[in-house]
Amino acid sequence: PAAALAEFQQEMDEGLMRMTDISPEQRPRERLMAGRGEELSDAELLALLWGTGQKGRSAVELAQEILGASGGLAGLLAQGLKEWTTLPGLGPARACQLWASAELCRRSQRGAARPRITSPRAAGAFLLGRCQGWSEERFGMLALNAKGELLAERILSQGTATACLISPREFF
């Protein structure tokens with residue numbers, strides 16, 4: 001068993017580039033901890049989020065390939081969870097981590113104060129960030145008071161890429 005374990009470890013070491021192979025001053029985590037997080041590239045930030053790469057490529061290299069295939073960070077975030085899982089190297093676990101971090105960002109932008117929605121343009125601006133990355137149609141509702149302050153928001157139905165069915169019972 002010990003010989004098999006040593007052989008397995010050697011195979012892993014040969015095929016997987018580790019962050020320990022990079023000098024400490026170039027590692028994303030160490031640069032972040034040194035107060036230089038703003039200097040990190042999008043790929044390095046994704047590498048920190050995912051933690052590990054794949055056989056033959058580091059987490060940074062994997063993130064660079066995914067960003068390249070998606071047209072950059074904006075292109076990646078414009079896609080949805082289903083599209084992310086089809087990208088080579090981005091399975092369900094990494095796709096869920098990416099979705100969770102994007103959702104935390106969206107939630108942090110909501111803030112404690114109730115937004116005022118006094119026009120269709122204001123409603124569109126409010127919903128734009130929330131709809132980013134959706135690949136299917138959804139029907140929702142914004143509940144406002146007389147001053148236009150948001151009381152609640154709900155998704156009532158989720159459909160396909162081209163249609164969304166809703167019953168009046170669900171709406172009222």
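Before reading on, note that the structure itself is shown above.
Here's what I pulled together on the structure shown here.

Tracing the backbone through its elements, the reader meets Arg31 in helix α2 (residues 28–33). The exposure class of Arg31 is buried, given its relative accessible area of 12%. Only 3.4 Å separates the side chain of Arg31 from the backbone oxygen of Glu39, close enough to count as a polar contact. Beyond its immediate sequence surroundings of up to four residues, Arg31 is in contact with Glu25, Gln26, Arg36, Gly37, Glu39, Leu40 and Glu44.

If you look at the biggest cluster of nonpolar residues, it comprises 13 residues, and the most contacted ones within it are Leu46, Trp50, Ile66, Leu76 and Trp84. For this core, the secondary-structure elements that each account for two or more residues are α3 (42–50), α4 (59–70) and α7 (92–110). Counting residues per element, this core draws most heavily on α4, at four residues. Setting aside anything within four residues of it in sequence, one finds Trp84 in contact with Leu76, Leu77, Gln79, Leu90, Ala95, Leu98 and Trp99.

This paragraph deals with the environment of Phe126. Position of Phe126 among the secondary structure elements: in helix α8 (residues 120–131). Phe126 sits in the buried class, given a relative accessible area of 13%. Sequence-wise, Phe126 and Arg116 are 10 residues apart; in three dimensions their C-alpha atoms are separated by 9.3 Å. In this structure, Phe126 is in contact with Pro115, Ile117, Leu142, Leu150 and Glu153, ignoring residues within four places of it in sequence.

The next subject is the layout of surface pockets. What the largest pocket holds in volume is close to 950 Å³. In terms of lining residues, the largest pocket is bounded by 40 residues, among which Glu103, Arg106, Gly129, Arg130 and Gln132 are the most central. Of all the secondary structure elements, the ones that give two or more residues to the lining of the largest pocket are α3, α5 (72–78), α6 (81–86), α7, α8, β1 (138–144) and β2 (150–158). For the lining of the largest pocket, the residue count by class is 18 nonpolar, 10 polar and 12 charged.

Packing of α3 against α4 brings their axes to within 8 Å, and their N-to-C directions diverge by 120 degrees. In terms of axis orientation, α3 runs oblique to α4. Of the two elements, α3 crosses α4, and the hand of that crossing is right-handed. From α3, Asp42, Ala43, Glu44, Leu46, Ala47 and Trp50 reach across to α4, where they touch Ala59, Val60, Ala63, Gln64, Ile66 and Leu67.

The rules behind the values
Residues numbered from 1 in each chain as written. Predicted model: local features only at pLDDT ≥ 70, side-chain atom pairs only at ≥ 80, totals over all residues. Heavy atoms only, no water. Helix = DSSP H or I, 4+ residues; strand = E, 2+ residues; numbered from the N terminus. Buried < 20%, exposed > 50% of the residue type's maximum accessible area, 1.4 Å probe, protein only. Polar contact = N/O pair within 3.5 Å; in protein donor to acceptor, adjacent residues only side chain to side chain. Contact = heavy atoms within 4.5 Å. Core = buried A, V, L, I, M, F, W, Y, C linked by side-chain atoms within 4.5 Å. 1 Å grid on protein atoms, 1.4 Å probe; cavity = no way out; pocket = protein on both sides within 12 Å on 5 of 7 lines; lining within 4 Å. Points joined across faces, edges and corners; volume = space filled by probe spheres on them. Nonpolar A, V, L, I, M, F, W, Y, C, P; charged D, E, K, R; others polar. Axes fitted to C-alpha atoms, helices over the stretch in contact; angles between N-to-C directions. Parallel < 35°, antiparallel > 145°, perpendicular 65-115°, else oblique. Left-handed = near helix turned anticlockwise from the far one by under 90°.

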